[in-house]
Structures are given as C-alpha cells and as structure tokens.
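# A look at the structure
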Amino acid sequence: MGIQLFVPTFRVDECLAEIRECLEKGWTGLGFKTVEFENKWKEYTGLPNAHYLNSATVGLSLALKILKMENGWGDGDEVITTPLTFVSTNHAIKYEGLEAVFADVDEYLCLDPNDVKRKISDKTKAVLFVGIGGNTGRLNEIVNLCKEYNLKLILDAAHMAGTRFSGEMPGKEADVVVYSFQAVKNLPTADSGMICFKNPDHDEICRKLTWLGINKDTYARSGEKGSYKWKYDVEYVGYKYHGNSIMAAIGLVQLKYLDQDNAYRRQLAYWYDANFKNVDRVKPIPIADNCESSRHLYCIEVNNRDELLLALNGCEIYPGVHYRDNTEYRMYSYAKGTCPNSHRLSERILSLPMHLRMTKADVDYVSQKVIEYTE
Ligand SMILES: *Cc1c(COP(=O)(O)O)cnc(C)c1O
C-alpha cells in the first residue's frame, strides 16, 4: 500500500452511532444534525454565523454571489486572488461574472500583501485569501489592506479547520469564511463545507439560496406544532447547495477530535522539521509566527521536485503538489507571467504524506528518502 499523501481517519463506531440517530429518526436531510453541527461550529470557532453546505466550492460561489448582490458590484469587477490554490477558489470568482486578478505569493505560499496592493485597481472589490495548508501567512496585513482600501475579504479556509492565530480562530475580520470538509481535508466527512458570514443578513440570504430560494426550511416548517407547513414563498432562483444530516453526523464526531488530530499533525510536522533541520537542500515552507496551523499539509521546497517525486513513488511514497500555478491552466492563462514567485515555487514544492495513521517511523522513512533523492 505504501505511504499515501492523505488517508482520512474516522472514529467508525461513533460516526455510525450518529448516523444511526438520523436513520432511526427518519431525518437524513437538511435540518436536525445540520443545525446541530452549525451550532457546534459557531461555538468552536467563535464566528457569529455558520451555514452547512454540500461543499466549499458552492460556499465560495455563494460568498461572491451574495457580496456582489448586496454591495452592487457589476460584472467584470475584480477580485484579487492567488494562483497557488485549488481551482475551485478561482472558478468561484468566474461563476459570478467577476474577474480573477492574480497577485503573487510570499514565502508562506499565501498572498503577498505587497503584491496585492500593487494589483488593486478602480474595479477591485475584494480579496480572496487562501490559508494554504492551514497557514495564516500574512493575513493580518491583508485585513488591514482591505480596511484601508475598503475591500471585502473572503477567506478560503478549506485547509484551516482548527487553525489558530495568537490563540484565536482567524477570520473574525473577514466578511466571509468558507471551510471544506471534503473527503481528504483535515476535517473529513465525505463531501461538505461551512460558510460563515460576518453579517447576519448575508447568512439569512445564504440559507434561502442554498435551498432553491425557499424562505423557510422543511425542518423549521415541520417544527411548527408538528404540522408540515407547505405554504412557503420563493424569493430567489436559488440552488440545491445545502448540507445533509448524514454528512453532519460524521462532521459532529470529527469536530470532537479536531484539536487532538491537528495536534498530532503538528507533531508529524515537527518530526519532519527536525529531520530536515541540517539539510540545506530541503527547505520546509515556514509557518507564520503565532500561527498554530491545522497542518493540513507539510510542504517542502526542493531543486529537483519532479525527479524527487518519481523517485519517492519508486519507494512507494506518494506525495502531492499543492498547487500548480493556476495561470498555467488554459482558463487562467490570461494572467500568465503576472506572478513570478508563485510560478517558481509551483515548480519546486512538494507536499509530503501527512495523515493520522503515520508513525514517527513513517516520517523518518519518508524524510530519509527525501534527503537521499534531493539534489
Ligand atoms: C478542497 C478545496 C476547496 C474546495 O472544497 P470542496 O469542499 O471540495 O468543494 C477550495 N479551496 C481549497 C484551497 C481547497 O483545497
């Protein structure tokens, strides 16, 4: 089987017990566990609103849709974003008829505030920040920049479940934070996500939009003295984007173990760091000061990434790359050459296996092979 990049871990009996409650109650859809998970998530993060979704991709799309709608942005208005991300970050901008303007990344693989500043134009409405691997990078400076230039801030926190900055959950100053609980994220369900708007009115609109634009959900309706209220109104041409109780049941169990799991991820990272400490040719991507990262990823920078990747595969070690510079994709090739640092790093970075089933011996074995095959 070798050593895989990601292997999700589930407390199977506990997950099954939570799912069982849904099956016995006869409630697997929107409401019930989704509400419970939303409440637990708000409690955990301290964010004021949380709405459970079927993915983070739809969350990012809704974030931009609602901010555009509520702030009167027009088609072609610009959102500054990073080329080093999963494409759903940038597709979300496109879905809403907005323009993705790419700014470069810094040594943390996160948006570089200096380049963001350079890329601000008359049409810029927002910045979309991705906390790669759970890193907060220079998010604080981006927050200040957004205040100074009156821009909205969207935090793609797909890797950031459980990340803390100076002891607090990052994102309180963002207009919206979107988390992913996709199958291989650090809080895996099978597929789902959470959207956390700062403004409660936005949260309310979002709840309607995720269920076809209907202005009351079935669970709330059936709660009204037990009678199923059929007489709702439809206020928007909404979507089918909400999460369901089976996924939320898994999420509820995962959340209980999130801090413990992330602590073990940081332990794995610490072992990797120690192994690479005196090896100049293997450069771990640094974590920002005061950031307690979720450690969704452990990334290194090397000179011979492609060869190293193949050599490791030969030893049954299967790393990944997070990410390929998005401006190399045809969809975003209009921005090719605008982010040289991202481009350079994207050819040099490698994400080493990082998951809860790994032991110190696994980390040592991977480290040894990495050291052996880097130039
Ligand atoms: C996984 C991921 C997403 C999308 O999450 P889904 O829940 O799979 O839709 C968005 N942004 C980043 C950075 C991701 O890694």
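Bear in mind the structure is a predicted one, so any value in this text is a computation, not a measurement.

Turning to the domain arrangement of the chain, a few remarks are in order. Examined at the domain level, the chain breaks down into domain 1 (3–256) and domain 2 (258–373). In this structure, domain 1 and domain 2 have C-alpha centres spaced 25 Å apart. In this assembly, 51 residues from domain 1 lie in contact with 55 residues from domain 2. A combined buried area of about 4200 Å² lies between domain 1 and domain 2, and 56% of that area is made up of carbon and sulfur atoms. Linking Asp 261 and Arg 11 is a salt bridge whose minimum nitrogen-to-oxygen distance equals 2.8 Å.

The side chains of a regular strand alternate, residue by residue, between the two faces of the sheet. Going residue by residue along strand β2 (residues 78–81), you find Glu 78 and Ile 80 tucked away on one face and Val 79 and Thr 81 tucked away on the opposite face as well. In the sheet, β2 pairs with strand β3 (residues 99–102) via four bridges, with the strands oriented parallel. Each bridged residue has a counterpart across the sheet, and for Val 79 the counterpart in β3 is Ala 100. As paired strands, β2 and strand β4 (residues 124–130) are joined by three bridges and run parallel to one another. From the neighbouring strand, Val 79 faces β4, where its bridge partner is Ala 126.

Neighbouring residues of the ligand: 16 residues in total, closest Thr 57, Asp 156, His 159, Ser 180 and Lys 185. In this structure, an oxygen atom belonging to the ligand sits 2.9 Å away from a main-chain N or O atom of Ala 56. Residue Lys 185 places a side-chain N or O atom 3.1 Å away from an oxygen atom belonging to the ligand. Contributions of two or more residues to the shell around the ligand are made by α3 (56–71) and α4 (87–95). Of the residues in the shell around the ligand, the class split is five nonpolar, nine polar and two charged.

The next subject is the environment of Thr 163. Relative to the elements of secondary structure, Thr 163 occurs in the loop between β5 (152–156) and β6 (164–165). The exposure class assigned to Thr 163 is buried, which follows from its relative accessible area of 0%. When the C-alpha atoms of Thr 163 and Leu 258 are compared, they prove to be 10.0 Å apart, with 95 residues separating the residues in sequence. Contact partners of Thr 163, with chain neighbours within four places excluded, come to Gly 134, Thr 136, Glu 168, Met 169, Pro 170, Cys 291, Glu 292, Ser 293 and Ser 294. A polar atom in the side chain of Thr 163 sits 2.8 Å from the backbone oxygen of Gly 134. Within the structure, Thr 163 has its side chain in polar contact with the backbone nitrogen of Ser 294 (distance 3.0 Å).

Under the definition given, this model contains zero disulfides. A disulfide-free cysteine, Cys 146 has its sulfur positioned 14 Å from the sulfur of Cys 110, the nearest such atom. Cys 206 carries a free sulfur, and the closest cysteine sulfur to it, the one in Cys 196, is 9.8 Å from it. Judged by its relative accessible area of 0%, Cys 206 is buried.

What follows deals with the packing of α3 against α4. Relative to each other, α3 and α4 sit at 40°, their axes nearing to 8 Å. Between α3 and α4, the angle falls in the class oblique. The handedness of the crossing between α3 and α4 comes out as right-handed. For the pair α3 and α4, the contacting residues are Thr 57, Leu 60, Ser 61 and Leu 64 in the first and Ser 88, Thr 89, Ala 92, Ile 93 and Tyr 95 in the second. For the contact of α3 with α4, the class distribution of residues is five nonpolar, four polar and no charged.

What follows covers the packing of helix α2 (residues 33–45) against helix α9 (residues 245–276). It is at 8 Å that the axes of α2 and α9 come closest, and there the two elements cross at 25°. One finds that α2 runs roughly parallel with respect to α9. Two packed elements cross with a definite hand, and for α2 against α9 that hand is left-handed. Taken together, the residues of α9 that come into contact with α2 (itself represented by Lys 33, Thr 34, Glu 36, Phe 37, Lys 40, Trp 41 and Tyr 44) are Ser 245, Ala 248, Ala 249, Gly 251, Leu 252, Leu 255, Leu 258 and Asp 259. Across the contact of α2 with α9, the residue classes break down as eight nonpolar, three polar and four charged.

On to the side chain of Ser 346. Examined against the element boundaries, Ser 346 turns out to sit in helix α11 (residues 340–346). Overall, the relative accessible area of 3% leaves Ser 346 in the buried class. In contact with Ser 346, not counting residues within four places along its chain, are Leu 84, Arg 305, Val 321, Tyr 323, Arg 324, Asp 325 and Glu 328.

Okay, the pattern of salt bridges next. All chains considered together, the criterion is met by 30 salt bridges. The closest approach of N and O atoms between Glu 14 and Lys 256, which form a salt bridge, is 2.9 Å. You can see Glu 14 sitting in helix α1 (residues 12–25) and its partner Lys 256 sitting in helix α9, a full 242 residues away along the chain. As a salt-bridge pair, Glu 301 and Arg 344 come within 3.6 Å of each other at their nearest N and O atoms. Within this pair, whereas Glu 301 is found in strand β11 (residues 299–301), its partner Arg 344 is found in helix α11, the two being separated by 43 residues in sequence. In this structure Glu 301 comes out as buried when scored by relative accessible area, which is 7%. Residue Arg 344 is classed as partly exposed on the basis of its relative accessible area of 42%. Several salt bridges share partner residues, and in doing so they unite Glu 18, Glu 21, Lys 33 and Glu 36 into one network.

Rules and cut-offs
- Residues numbered from 1 in each chain as written.
- Predicted model: local features only at pLDDT ≥ 70, side-chain atom pairs only at ≥ 80, totals over all residues.
- Heavy atoms only, no water.
- Domains from an automatic or database assignment.
- Contact = heavy atoms within 4.5 Å.
- Buried area = accessible area lost by both parts, 1.4 Å probe.
- Salt bridge = Lys/Arg side-chain N within 4 Å of Asp/Glu carboxyl O.
- Buried < 20%, exposed > 50% of the residue type's maximum accessible area, 1.4 Å probe, protein only.
- Helix = DSSP H or I, 4+ residues; strand = E, 2+ residues; numbered from the N terminus.
- Pairing = 2+ DSSP bridges.
- Near = heavy atom within 4 Å.
- Polar contact = N/O pair within 3.5 Å; in protein donor to acceptor, adjacent residues only side chain to side chain.
- Nonpolar A, V, L, I, M, F, W, Y, C, P; charged D, E, K, R; others polar.
- Disulfide = S-S within 2.5 Å.
- Axes fitted to C-alpha atoms, helices over the stretch in contact; angles between N-to-C directions.
- Parallel < 35°, antiparallel > 145°, perpendicular 65-115°, else oblique.
- Left-handed = near helix turned anticlockwise from the far one by under 90°.

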